[in-house]
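# Summary of structural features
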Amino acid sequence: MNRKSIEQKMENPLLVVETQNYCKLALATSCKHCSVESYAEKESKTDSDVDWINVVEQFAKIGKDGHVIVKNGAGALGDTEISILEKALTKGLSISITTEGVCVPKGFESKLYELEKNHVGKVGVTVSLEGATKEIYGQLRKPEHFERAVDFMKRAKLKGLTVATNYVVHAGNVSSIQDYVNFAVNELGVEKVNFLELHSTGNARKNKLEVADSQKYFDELMRTYREGDDKVKDALEGTFAAEVYRAENGLSQGNNGCPAGSRGMYFIQHSGEVFPCSSLELPQYHVGNIKAMNLEEVNQSMEFGYARKVAQSLKSGNPLVSMCPGMLESFGEEGRMQEAEKMTAIITNYLKEKGVELTKDKNCNNCYSPAF
């Protein structure tokens, strides 16, 4: 295992912070798939005593082209979060917020636009939007919030921010992927679409939401990519469809896999507890508290080493697959790779039908490592 120190500059490190353990929507009626069960138990905001500015300053030393994400619950955005984003920008980092786009305070939104005006091309928003209509969107969230989320995205786009979306794929919306991508890209101007498979935790498990059939998910996304114009293809560049498409044409160079295993990624909770990723908030990945350690110590920890080992095992042993360790954690040590192999088989069979021979060696002229 190759552990990198802060002195060894890392490419595109990623810092994700969740500065408040509060969600305005969860206090009323939480989203049907929300995995953060603790939110619903909070009746008011709780101030954090983490020195976030110091954390950003530490992170700025880690490598070039770093990115800072504020990942807060609905409405939990204010002056503290603006100060974090502003500090990151002054350190040459790019920034974004991950939001549902429903309860973004007007004052925060205005300041976000001001930051973009002063740091052109460095500010972005990623909005959770799981459907091109309020009916499909409403399968996971409140249908009456659909227009508010869409309007927020339109305003952000007009102000010059980079706009992306997160689309949680489940049994109820997997058939709507193409309609959604066309809507997001051509009507909202979205530049990147992220697809996240439903995790059967929290409210998703309680509400018995069903995960999408893997074969159907693969077919729908491949069709969307293949039939899409250049703007659609650009928006789907980070998906498995783009890599499989390149493999068909002998152009695949593989992928770097899970960011928790391939680059400097850190997730810090409101209380300061540190994990390799927000999808790995599990005891075996918990390092400690940032108030009692620095990012150098975090980076060298056994827990981060374990996260890298698990993430890389889902890729290095199989040239076709790179899967989220968090999603597969519930399958256990043996079931984890079985589930990964199921996804691999889908891609392998598809490429075999296209006459593409697969090999693990990425240095030869006939090597393909598409990622799922």
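Now for a look at the structure at hand. (Residues numbered from 1 in each chain as written. Predicted model: local features only at pLDDT ≥ 70, side-chain atom pairs only at ≥ 80, totals over all residues. Heavy atoms only, no water.)

It is worth spelling out the overall build of the protein at this point. When you go through the protein residue by residue, the secondary structure sums to 16 helices and eleven strands. Taken over 372 residues, the protein has a buried fraction of 53%. Considering only contacts in the protein between residues 6 or more positions apart, those separated by 24 or more positions represent 71%. Of the accessible surface of the protein, which amounts to about 17,100 Å², a share of 46% is contributed by carbon and sulfur atoms. (Helix = DSSP H or I, 4+ residues; strand = E, 2+ residues; numbered from the N terminus. Buried < 20%, exposed > 50% of the residue type's maximum accessible area, 1.4 Å probe, protein only. Contact = heavy atoms within 4.5 Å. Areas by Shrake-Rupley, 256 points an atom, 1.4 Å probe, with all protein chains shown as cover.)

On to the sheet that holds strand 8 (residues 192-197). Pairing in this open sheet of nine strands is mixed, and the strands run 8-7-6-5-4-2-9-10-11 from one edge to the other. Of all the strands in the sheet, just strand 8 and strand 11 (288-289) have a single pairing partner and so form its edges. Helix 3 (residues 79-90) contacts strand 4 (67-71), strand 5 (94-99) and strand 6 (123-128) of the sheet and is inclined by roughly 150 degrees relative to strand 5. (Pairing = 2+ DSSP bridges. Axes fitted to C-alpha atoms, helices over the stretch in contact; angles between N-to-C directions.)

The next subject is the environment of Arg141. For Arg141, the position within the fold is in the loop between helix 5 (134-137) and helix 6 (146-158). It is 8.9 Å that separates the C-alpha atoms of Arg141 and Leu129, two residues lying twelve residues apart in sequence. Excluding residues within four positions of it along the chain, Arg141 makes contact with Cys31, Lys32, His33, Glu100, Ser128 and Glu130. At 2.6 Å, the side chain of Arg141 forms a polar contact with the side chain of Glu130. (Polar contact = N/O pair within 3.5 Å; in protein donor to acceptor, adjacent residues only side chain to side chain.)

Scanning all chains against the criterion turns up twelve aromatic pairs. Consider the rings of Phe218 and Phe240, whose centres lie 5.6 Å apart with planes at 10 degrees: the pair is stacked. You can see Phe218 sitting in helix 9 (residues 214-227) and its partner Phe240 sitting in helix 11 (residues 240-248), a full 22 residues away along the chain. Neither residue differs from the other here; Phe218 and Phe240 are each classed as buried. Aromatic ring contacts, followed pair by pair, group Tyr167, Tyr180, Phe195, Tyr217, Phe218, Phe240 and Tyr350 into a single cluster. Over the aromatic face of Tyr225 sits the side chain of Lys233, whose NZ or CZ is 5.2 Å from the ring centroid. The ring of Tyr245 has Lys233 sitting right over it, with the charged end atom 5.7 Å from the ring centre. (Phe/Tyr/Trp six-rings, centres within 6.5 Å; stacked < 30°, edge-to-face > 60°. Lys NZ or Arg CZ within 6 Å of the ring centre and 35° of its normal.)

A few words on the packing of helix 2 (residues 52-60) against helix 3. In the contact formed by helix 2 and helix 3, the axes pass within 9 Å of each other and the chain directions differ by 20 degrees. Between helix 2 and helix 3, the crossing angle belongs to the class labelled roughly parallel. Both helix 2 and helix 3 take part in a crossing whose hand is right-handed. For the pair helix 2 and helix 3, contact is made by Trp52, Ile53, Val56 and Glu57 and by Thr80, Ser83, Ile84, Lys87 and Ala88, respectively. (Parallel < 35°, antiparallel > 145°, perpendicular 65-115°, else oblique. Left-handed = near helix turned anticlockwise from the far one by under 90°.)

Right, let's get into the nonpolar core. The biggest cluster of nonpolar side chains holds 84 residues, and the ones touching the most others in it are Val125, Leu129 and Phe195. Filtering out sequence-adjacent residues up to four positions away, Val125 remains in contact with Ser96, Ile97, Leu112, Phe152, Ala156, Leu161, Thr162, Val163 and Ala164. Counting 14 residues, the second largest nonpolar core, distinct from the first, contains Ile69, Phe267, Phe275 and Val310. (Core = buried A, V, L, I, M, F, W, Y, C linked by side-chain atoms within 4.5 Å.)

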